[in-house]
Amino acid sequence: MQKVTPFLSFDGQAEEAARFYVSLLPDSRIDRVTRSPIDTPGGPTGTVLMVEFTLAGTQFFALNTPGFQFTEAVSFLIACADQAETDRLWAALTANGGSEVACGWLKDRWGVAWQVTPTRLLELVKDPDPDRARRAMEAMVKMIKIDIATVERAADGA
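Worth saying up front: this structure is predicted, and the values here are computed from it rather than measured.

(A) Representation of helix α1 (residues 14-22) within the structure. By the burial criterion, the buried members of α1 are Ala-14, Ala-17, Ala-18, Phe-20, Tyr-21 and Val-22. Looking at the buried residues of α1, the elements they touch are β1 (7-10), β2 (29-35), β3 (48-55), β4 (58-64), α2 (83-94) and β8 (113-118).

Shown next, in the form of structure tokens:
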């Protein structure tokens, strides 16, 4: 078991959420579904209590806990290799009730905040040339979903 593991609380939809997340990224799987041995506020005996899953090589726990809600105070960054991966993950995570936020941030249908971020964007905003980095950042803050070609053109001063 890894030393620190993200632990997400869902209001009765832990298994549905975990199965959705693992469908999106390689090296992802459901590791274990634990059912409650007793009646709890989350449901009767036999209800899914907890789902252990691996998402892109990182272990997560999803717990069914009634009444908890997610906020943007915690988010998960997905480093995307290219625009195609950015577009695919953006579409999947905003579908069925998800919402776009700003600057590559979105909330999925359960309210979990994600940063769908092309790695090229991270390179450009950390460019050793402060003018390139500034222009890239100025372009990015005007976006909802990141368009890396537009950010590159801005960084280049085009």
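(B) Layout of helix α4 (residues 130-140). Buried within α4 we find Arg-132, Ala-133, Ala-136, Ala-139 and Met-140. Looking straight down α4, one finds its buried side chains confined to an arc of 130°; they lie on one side. Residues of α4 that are buried make contact with α3 (119-125) and α5 (148-155). The residue sitting at the N-terminus of α4 and contributing the capping side-chain oxygen is Asp-129; that oxygen lies 2.9 Å from the backbone nitrogen of Asp-131.

(C) Structural view of the packing of aromatic side chains. Under the criterion given, the structure shown has eleven aromatic pairs. Centre to centre, the rings of Phe-7 and Phe-61 are 5.5 Å apart; their planes meet at 15°, and the pair counts as stacked. Taken together, the residues Phe-7 in strand β1 and Phe-61 in strand β4 connect sequence positions 54 residues apart. In this structure Phe-7 comes out as partly exposed when scored by relative accessible area, which is 44%. An aromatic cluster of at least three residues, connected via ring pairs, comprises Phe-10, Phe-20, Tyr-21, Phe-53, Phe-60, Phe-70, Phe-76, Trp-110 and Trp-114. Sitting over the ring of Phe-20, Arg-109 keeps its end group 4.5 Å from the ring centre.

(D) A look at unusual backbone geometry. Unusually for a residue other than glycine, Asp-27 sits at a positive phi of about 55°. When you line up the elements, Asp-27 lands in the loop between α1 and β2. Residue class for Asp-27 comes out exposed when judged on its relative accessible area of 51%. A positive phi angle, close to 50°, is found at Ala-56, a residue other than glycine. Position of Ala-56 relative to the elements: it lies in the loop between β3 and β4. By relative accessible area, Ala-56 is classed as partly exposed at 44%.

What counts, and where the lines are drawn
Residues numbered from 1 in each chain as written. Predicted model: local features only at pLDDT ≥ 70, side-chain atom pairs only at ≥ 80, totals over all residues. Heavy atoms only, no water. Buried < 20%, exposed > 50% of the residue type's maximum accessible area, 1.4 Å probe, protein only. Helix = DSSP H or I, 4+ residues; strand = E, 2+ residues; numbered from the N terminus. Contact = heavy atoms within 4.5 Å. Arc of directions from axis to C-beta. Polar contact = N/O pair within 3.5 Å; in protein donor to acceptor, adjacent residues only side chain to side chain. Phe/Tyr/Trp six-rings, centres within 6.5 Å; stacked < 30°, edge-to-face > 60°. Lys NZ or Arg CZ within 6 Å of the ring centre and 35° of its normal.

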